[in-house]
Structure formats: C-alpha cells, structure tokens
There are 2 protein chains.
Amino acid sequence: MNSRENKPGEAAPAASPRHRPERAHPVTLRDVAEAAGVSTATVSLVVNKKKDARIAEETRQRVKDAIRALGYRPNAMAKTLVSGTSRFIGLVADGVATTPFAGQIIHGAQDEAWKHGYALLIANTEGNRELEQDAISMMLEYKVRGILYSTWFHRETDIPASLREADFVLVNCFAAEPGARAVVPDEVQGGKSATEILLRHGHRRIAFINATIPAPAKDGRLLGYRQALEEAGIAFDPGLVMEAYPDQEGGYGATGELLKRSATAVYCYNDRMAMGLYDGLREHGLSIPEDLAVVGFDNQEVIAAHLRPPLSTVALPHYELGAAGVRMLLGLEETAGAEAAKIHCPTVERNSVRVAARAKT
Amino acid sequence: MNSRENKPGEAAPAASPRHRPERAHPVTLRDVAEAAGVSTATVSLVVNKKKDARIAEETRQRVKDAIRALGYRPNAMAKTLVSGTSRFIGLVADGVATTPFAGQIIHGAQDEAWKHGYALLIANTEGNRELEQDAISMMLEYKVRGILYSTWFHRETDIPASLREADFVLVNCFAAEPGARAVVPDEVQGGKSATEILLRHGHRRIAFINATIPAPAKDGRLLGYRQALEEAGIAFDPGLVMEAYPDQEGGYGATGELLKRSATAVYCYNDRMAMGLYDGLREHGLSIPEDLAVVGFDNQEVIAAHLRPPLSTVALPHYELGAAGVRMLLGLEETAGAEAAKIHCPTVERNSVRVAARAKT
C-alpha cells in the first residue's frame, strides 16, 4: 500500500494559475535523421527492419543509437500498413463489469499475448449486441491478428457474422458448429474433483445441491459427481441431489431440505450457494465441518477464502482459459479433434471439510 | 441465460475431417472501385472524406452505395496516418483481475468513449511496472488520443515519465503535482452519507470501525463520520472509533472490542469487514439489526446485497469515475481549479438498519 498519502483537501495541492504538466515534444523521424546525420529515408529503412536494404552496419548502429538517445517512437500504424495486420489481438467480453471472473480471462490472455509481442484490444459489451457489433467492426478496421470471443459464464453461443471475417477462438463458450475453435473449463473433472475432496475424508453419504438454471456447468458437474461416486463404489442416490438458484439465497433456502437427507457432507454448485448454506446451518445450530462438511465451486474472489470456516472448493481456470485462447489463436496450441479444448479445474482445500464421524471409528 | 445448451460430450459436435468455419474474403478498395465503376483513387477520396475533392455528388453516392453493399471496411490505421491521432483512448489499470472494482471503471470509460466515437485500448498491469511501461509505450505508438491512468483503490500515485508524452487523466488516483488532472471518489461525503443512514434511524451512539491501512479513504471516511455527527449535534467520542484490517477477518476480530462500546449501531470501513462482523455478532447470539444496526461501504458485488440481512452501504462510483475520466480527457468536463474532481458516492439502503430502540419510545 502507498504510505505517502495526503490528508483530505491536500489531494492535489492548489496551484494558480492552473497549468498542465509539461508535455514532451514528440520526437520525429527527422529529429533522428539529423542526430544520426543520415537521410529520413535511411532512418525509415532501419526502423522498418528492411534487412535487404544496403546500409553500412556502422550507419545502422548510429541510427539505432539516435533512436535510443532521443526516445523516438516509430508509428505502429505505419508498420501495420506495411505488414497488413497489426500487433493487436481483440478480446470481446460480455461481462467485465458484472463479474470478477472476466478479469482473470483478460489477465491470462494479456500475459500470453505480450509474451508473443501482441497487445490486447479489449471490448466490454455487457451482452449488448449492438455494442458487440461495433466492437468487432472496430477490431477488424484495426486489422487485429485475431479475436477472442468470450462469455463470463460457460455456455453455448452463436458466432456473430462479422466475427467470421477474422481468425477467432471462443473462450469460456462454444458453438455447435463443427471446427469453431473453443476453450472451456472441464466441468466434469471439476465436479469429480469437488466430490473427491469429500470422499478422501471418508464421507459416503454426500449430497449435491445443483443449480436450477440449465448450463453446461449444471450437467457437467453432476456427471463428475456421479463418476466420483461410481469410482468409489458408492451407488448413486437421486434423493441426495437437490436443485436451487445458484446464489446465497438459493443455498440458504435449501438448508431445510438438505437436513432431511441425513448426509454427512454436501457439495454446492457454487461458492455463493455455500455462503448462504453456511448461514442456514448456523441458524439450525449446526457447525461446519463438525456437523456437516461443505465444498463449493468457483473459488470466488472475496468469498471462498473468507467464510468461517474458509471454504474448500474447486477453482474455475479463467486465467488459463484466456492464455490458452491466445495460444490457440496464434496456432501454438491445437485442440484435439473437433471438441472444445477443456481446461483443468484445480482443487483448493481449506477447512470446511474434516474426516467423517463414521469414518473415524 | 442460454437455454439451447448441449449435454456434455456434445459440447462441440464431432466433424471429420475437421475444418475451420468459412472465412469471408476481405473486401478491398479495388472491389469497391469496380462495383462503383470508378478509380480506386476516387474511392479513397470519398472514404477519407476529402470535402475539397471535386467529385460529382452522384459519383460520391455510387461509391457510398458500393461500400455499403460490399461491406467494405476502410483501414483505420491508414486514416490514423492522415489524422495523426487514432480513435483510441488508452486505459492503464493496475487491478482488473484482482478486484471487481476495475471492471466498472472500464465499463464507464468504454460507454463514454464509444459515445464520442473512441474505442478503449485497455492494458492490465496488475501493478507490474515493466508491463506498465510497455503498455504506455504501445499506446503511444498507436497514437492514442489520450490515456486514463487508473488504480483499483483510491491512492496517491507518481506520474510515469512516458505518460507525460500523452494527454492523460488520473482515475481513482491523484498526484501531488499541480495541475495533473484527476477524478476520485468523494470519500468525505461517502463517510458522511454512511453515518447519516444510521442517524436518520435515530441512532446516537454510532461506532466506526476504520481501516488500519493509511489511505485517502481512511482519512476521508473518518472526516465524513465526524461531520455527520457534528451536524447532528452529537459530540465526537474517540472511544467509538476502532481500527481493523479491512477484510472479513478484521471485521470478525473487532467484534469483542466493539461490544464493549455499548453502541446501538456501527459503520464499517468496507462491506468485507461488515461480512466478518456479521459472523462475530451471530456467535455472540446477537441479531442484526435488532441488537445492532450495521452499515458498510463499497456496495461490493456478490457480498452487500447477499448478506443476511442485506447490508445498507454506500457505493463507490467506479462506473462514474471511468466515464468522468473520459469526458475530462476529451475536454468535455473541466475540474474545478487544481483539485482532483470528486465523484459522489450514492447511498444504498437495505435491511441491516432499523429504528434505534431508544428512539422508538
């Protein structure tokens, strides 16, 4: 944190007459040419790395020194006109503002893009179709290398017509259309890992509070739950699977029904439901994990690690989704067959789970 | 939500041999020229809106029709070379991935930028100085109209040397330097509003759990708390002001001390502290708002509205900060004098506050 804070009111010291901070005079090609004692044409050849151009190494070096000394910035736009595509990768996101998840997709995509010399051109559409259309058009006009089309929750999507004018990869979403490259979280593995946390601690009677809303996450996480039970030799009991709206209120509201199931552990569709369930269990005088072990999903920022007790969960790999999307776009990573590439969801163990009572004896 | 979800496994139907979706052939200037029956030079003059160029209106119209019919996309880079600056506004953010707050700054800045025909070029530095340097250099090479330099929490900042090469506005941060344009939240008004929620409900003995970490928010919110009490004719009691680390654990840990103060209401520095305090109060068998009224600050996504009871709080105006930053950059909004422009923090009332017991009789 910054310790050189001012007291309120001193936020920006008064200065009158008010003036702008000194703005540096932009260095031109001509400035460099004069400093190096060569023609602007020669500077241009060096800047645009025309290898075939016959320029003495000593001259080339003098120009480079002048560029460094003066801090000359070549015009990237001009370079683009020569090369045909810019050093931009576009990222269309539908929920940067409304969810902390998109931020990690941006973070991963940008880190990977910079690694390969590309800058990320981000458009935040908040699901507005018109804005999305404008954003894609703008990216095409700026000749992006390609576009990552991402959604804040894992779902199927259409492919906007204009998106086809660019090389593109779907991130956290997929299209029914054959061959549309996509990268998504491995929901089945994630659901399996969440259930396995509880199995490892000896729990056999594990309830699952799934979401009421149709989504690949709903189907995938349930399938993973069933696979984990099957591998542990535990028969699937439909009576242990419930559904609720995937937020705190949904988890809280499911408390009563859950307690009728006499389970020793519960896996919630997401951390927000687990947060609500925590409140519900407390109101019933029950403690976590002594009376009931709880596992969530998402490893949601500002929630999972800060519940009492901290919540064991499975993280959605948003950072990796963004990074893999860029590698796929640049052809550094290919998807296996026509399936969307699936990214592993890592397990995050905290204190909301302990050895099952019956397992201890 | 999308209801056309596939069952797992069908995520992306198998197609062999695998192929890319058909990619449209990009329309060239020549295509337009042929369609309109004019020279490419004529098309170029129309595209670049050369008013002085002597072109018959009928011809100009024919070119425009061809552009629409073919869906030709002029090269924005080329236009930039003519105009000198691009239609980009750069946004450097230090915490898109690590906080939901930055998302709203991006949302507000982008909505305002699009309104004026600009696209946002976003760089997410996560506080990495080197990445920040590269990001600003990249923006300068792309000739951005200007740069918004933003931080995820309100603080003082230095002005990177390269930032001075562009027209810039500081967003959610400020510099001691005279005249550096900046837009920040009005922490004093926010702290005053938070306290006034409790005063309106008849509370007189109001505790304030401030943050341990130095920040304009810490000083400003305390000042606002004092101003509100003063206007209500209540003497400031230093014994009612405590400090804790600004997260759930800090709020939870402050519970015991708070209960010794025999206050009827408490205002927490942020919503995360209030969330922890909720747990602490429950463990003492106390209920909110019956035994203690609670108010937070931030209106933090996925927390404030979902606590039991939902938390009354004051929202940080991140969307407005981004929008105001763009207006300031484009000269549509001037700051009053040398002070950083302060944005109003709106009150959000929920059920964590009720009329004070002593006020009811």
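As the structure is a prediction and not an experimental result, all values here were calculated from the model.

*Asks:* Explanation requested: the layout of surface pockets in the structure shown.
*Replies:* One way to see where empty space is left: roll a probe the size of a water molecule over the atoms. For the largest pocket, the calculated volume is near 820 Å³. A:Val302, B:Thr98, B:Thr99, B:Trp152 and B:Arg272 are, among the 44 residues lining the largest pocket, the residues nearest its centre. Only helix H5 (101-115) and helix H12 (318-329) of chain A together with strand E3 (146-156) and helix H8 (216-231) of chain B provide two or more residues apiece to the lining of the largest pocket. The leading source of residues in the lining of the largest pocket is E3(B), at 3 residues. Along the lines of polarity and charge, the residues of the lining of the largest pocket split into 24 nonpolar, 12 polar and 8 charged.

*Asks:* Help me out: how do you make sense of the packing of aromatic side chains in this one?
*Replies:* Remark: the centre distance and the inter-plane angle together describe each pair of aromatic rings, the angle taken between the planes. With the rule as written, the count across this model stands at 13 aromatic pairs over all chains. Aromatic rings pair up to connect A:Phe88, A:Tyr142, B:Phe88 and B:Tyr142 into one cluster. Seen from the ring of A:Tyr118, A:Arg87 lies directly overhead, with NZ or CZ sitting 4.1 Å from the centre. Here the basic side chain of B:Arg226 rests over the ring of B:Phe236, its NZ or CZ set 3.8 Å away from the ring centre.

*Asks:* When you look at the side chain of A:Asn270 in this model, what are you seeing that I'm missing?
*Replies:* All names here are of chain A. Mapped onto the elements, Asn-270 comes out in the loop between strand E8 (265-268) and helix H11 (271-283). The class of Asn-270 is buried, set by a relative accessible area of 6%. Engagement of the side chain of Asn-270 in a polar contact is seen with the backbone oxygen of Pro-246, the distance being 3.0 Å. In this structure the side chain of Asn-270 is engaged in a polar contact, spanning 2.8 Å, whose partner is the backbone nitrogen of Met-273. When neighbours within four sequence positions are excluded, Asn-270 is seen to be in contact with Pro-246, Gly-296, Phe-297 and Asp-298.

*Asks:* Explanation requested: the environment of B:Ala69 in the structure shown.
*Replies:* Residue and element names in this part refer to chain B. Relative to the helices and strands, Ala-69 is located in helix H3 (residues 57-70). Taking the relative accessible area as the measure of exposure, Ala-69 reaches 68% and is therefore exposed. In this structure, the C-alpha to C-alpha distance between Ala-69 and Ala-324, residues 255 residues apart in sequence, is 38 Å.

*Asks:* It is not clear to me how the pattern of salt bridges should be interpreted in this structure. Could you clarify?
*Replies:* Once their charged atoms are close, side chains differing in charge can pair, the charge on each being opposite to the other. Residues and elements named next belong to chain A. By the definition in use, this model includes 52 salt bridges over all chains. A salt bridge links Glu-177 to Arg-164; the shortest N-O distance between them is 2.9 Å. One end of the pair, Glu-177, is in the loop between strand E4 (168-174) and strand E5 (182-185); the other, Arg-164, is in the loop between strand E3 (146-156) and E4, with 13 residues separating them in the sequence. Looking at Glu-177, the relative accessible area reads 25%, which means it is partly exposed. Under the relative-accessibility criterion, Arg-164 is labelled partly exposed at 23%. Put simply, Glu-112, Lys-115, Glu-320, Arg-327 and Glu-333 are held in one network by salt bridges that share partners.

*Asks:* What am I meant to see in the domain arrangement of chain A here?
*Replies:* A common measure of how large an interface is: the accessible area buried when the components associate. Taken domain by domain, chain A consists of domain 1 (27-74), domain 2 (83-184 + 319-343) and domain 3 (187-317 + 346-359). Each of domain 1 of chain A and domain 2 of chain A has a C-alpha centre, and the two are 37 Å apart.

*Asks:* What am I meant to see in the pairing of strand E2 (residues 119-124) of chain B here?
*Replies:* Remark: a regular strand shows side chains that alternate across the two faces of the sheet. Residues and elements named next belong to chain B. Summarising burial for E2: 6 of the 6 residues are buried, a large majority. Across the two faces of E2 the burial is the same, with Ala-119, Leu-121 and Ala-123 and Leu-120, Ile-122 and Asn-124 all buried. Of the pairings in the sheet, the one linking strand E1 (residues 88-93) to E2 comprises 6 bridges and is parallel in character. When the sheet's bridge partners are listed, Val-92 is paired in E2 with Ala-123. Crossover connection from E1 via helix H5 (residues 101-115) to parallel E2: handedness right-handed.

*Asks:* Where do I start with the packing of helix H1 (residues 29-36) of chain A against helix H2 (residues 40-47) of chain A in this structure?
*Replies:* In a pair of packed helices, the angle between the axes and the distance between the axes together describe the arrangement. Residues and elements named next belong to chain A. Close contact between H1 and H2 brings their axes to 8 Å; oriented N to C, the two are set at 105°. In terms of axis orientation, H1 runs roughly perpendicular to H2. Here H1 contributes Leu-29, Arg-30, Val-32 and Ala-33 to the contact with H2, which in turn contributes Thr-40, Val-43 and Ser-44. Across the contact of H1 with H2, the residue classes tally to 4 nonpolar, 2 polar and 1 charged.

*Asks:* I keep staring at unusual backbone geometry and nothing clicks. Help me out?
*Replies:* One can expect most non-glycine residues to show negative phi and most peptide bonds to be in trans. Residues and elements named next belong to chain A. With an omega of 5°, the peptide bond running from Ile-288 to Pro-289 counts as cis. Summarising the element assignment, Pro-289 is placed in the loop between H11 and strand E9 (293-295). The phi torsion at Glu-126 lies on the positive side, around 50°, for a residue other than glycine. Within the secondary structure layout, Glu-126 lies in the loop between strand E2 (119-124) and helix H6 (129-141). The class for Glu-126 is partly exposed, based on a relative accessible area of 22%.

*Asks:* Explain empty space enclosed by the protein to me, please; I cannot follow it from the model alone.
*Replies:* In the structure shown here, the tally under the stated rule is 3 cavities of 30 Å³ or more. Computed from the structure, the second largest cavity encloses a volume of approximately 80 Å³. Lining the second largest cavity are A:Met275, A:Tyr278, A:Asp279, A:Arg282, A:Leu307, B:Met275, B:Tyr278, B:Asp279, B:Arg282, B:Leu307 and B:Arg308. For the lining of the second largest cavity, the elements supplying multiple residues, two or more each, are H11 of chain A together with helix H11 (271-283) of chain B.

*Asks:* Hey, could you run me through the sheet that holds strand E5 (residues 182-185) of chain B in this one?
*Replies:* Two pairing modes exist for strands in a sheet, parallel and antiparallel, and in both the strands are linked by backbone hydrogen bonds. Residue and element names in this part refer to chain B. Across the sheet, which stays open at both edges, the 6 strands sit in the order E2-E1-E3-E4-E5-E11 with parallel pairing between neighbours. Of all the strands in the sheet, just E2 and strand E11 (341-343) have a single pairing partner and so form its edges. Averaged over all pairs of adjacent strands, the angle between strand axes in this sheet comes to 20°, irrespective of strand direction.

*Asks:* How should I be thinking about the sheet that holds E4(A) in this particular structure?
*Replies:* All names here are of chain A. With parallel pairing, the 6 strands of this open sheet are ordered in space as E2-E1-E3-E4-E5-E11. The sheet is open, and its two borders are formed by E2 and strand E11 (341-343), each paired with just one other strand. Strand-to-strand twist in this sheet, taken as the mean axis angle between neighbours without regard to direction, amounts to 20°. By the bridge criterion, 5 bridges tie strand E1 (residues 88-93) to E3 in an arrangement that is parallel.

*Asks:* So what exactly am I meant to see when it comes to the confidence of the model for chain A here?
*Replies:* The predicted coordinates ought not to be read in detail in places where the model reports low pLDDT. Summing up the model confidence of chain A, the mean pLDDT is 86 and the portion of residues at 70 or higher is 87%. Scored by ipTM, the complex comes to 0.78, with pTM at 0.80.

*Asks:* Sorry, what's going on with the state of the cysteines here?
*Replies:* In a disulfide, the sulfur atoms of two cysteines are covalently bonded to one another. Throughout the structure, instances matching the rule amount to 0 disulfides over all chains. We note that A:Cys345 lacks a disulfide partner, and the nearest cysteine sulfur, in A:Cys173, lies 16 Å from it.

*Asks:* Hey, could you run me through helix H2 (residues 40-47) of chain B in this one?
*Replies:* Because an α-helix completes one turn every 3.6 residues, residues spaced three or four positions apart along the sequence face the same direction. Residue and element names in this part refer to chain B. Here H2 has its buried residues at Thr-42, Val-43, Val-46 and Val-47. Buried residues of H2 fall within an arc of 135° about the axis and therefore sit on the same side. Buried residues in H2 make contact with helix H1 (29-36) and H3. Following H2 by one or two positions, Lys-49 adopts a phi angle in the positive range, close to 50°.

About the thresholds
Residues numbered from 1 in each chain as written. Chains lettered and ligands numbered in written order. Predicted model: local features only at pLDDT ≥ 70, side-chain atom pairs only at ≥ 80, totals over all residues. Heavy atoms only, no water. 1 Å grid on protein atoms, 1.4 Å probe; cavity = no way out; pocket = protein on both sides within 12 Å on 5 of 7 lines; lining within 4 Å. Points joined across faces, edges and corners; volume = space filled by probe spheres on them. Helix = DSSP H or I, 4+ residues; strand = E, 2+ residues; numbered from the N terminus. Nonpolar A, V, L, I, M, F, W, Y, C, P; charged D, E, K, R; others polar. Phe/Tyr/Trp six-rings, centres within 6.5 Å; stacked < 30°, edge-to-face > 60°. Lys NZ or Arg CZ within 6 Å of the ring centre and 35° of its normal. Buried < 20%, exposed > 50% of the residue type's maximum accessible area, 1.4 Å probe, protein only. Polar contact = N/O pair within 3.5 Å; in protein donor to acceptor, adjacent residues only side chain to side chain. Contact = heavy atoms within 4.5 Å. Salt bridge = Lys/Arg side-chain N within 4 Å of Asp/Glu carboxyl O. Domains from an automatic or database assignment. Pairing = 2+ DSSP bridges. Right-handed = clockwise from strand over helix to strand, strands pointing away. Axes fitted to C-alpha atoms, helices over the stretch in contact; angles between N-to-C directions. Parallel < 35°, antiparallel > 145°, perpendicular 65-115°, else oblique. pLDDT = per-residue confidence, 0-100. Disulfide = S-S within 2.5 Å. Arc of directions from axis to C-beta.

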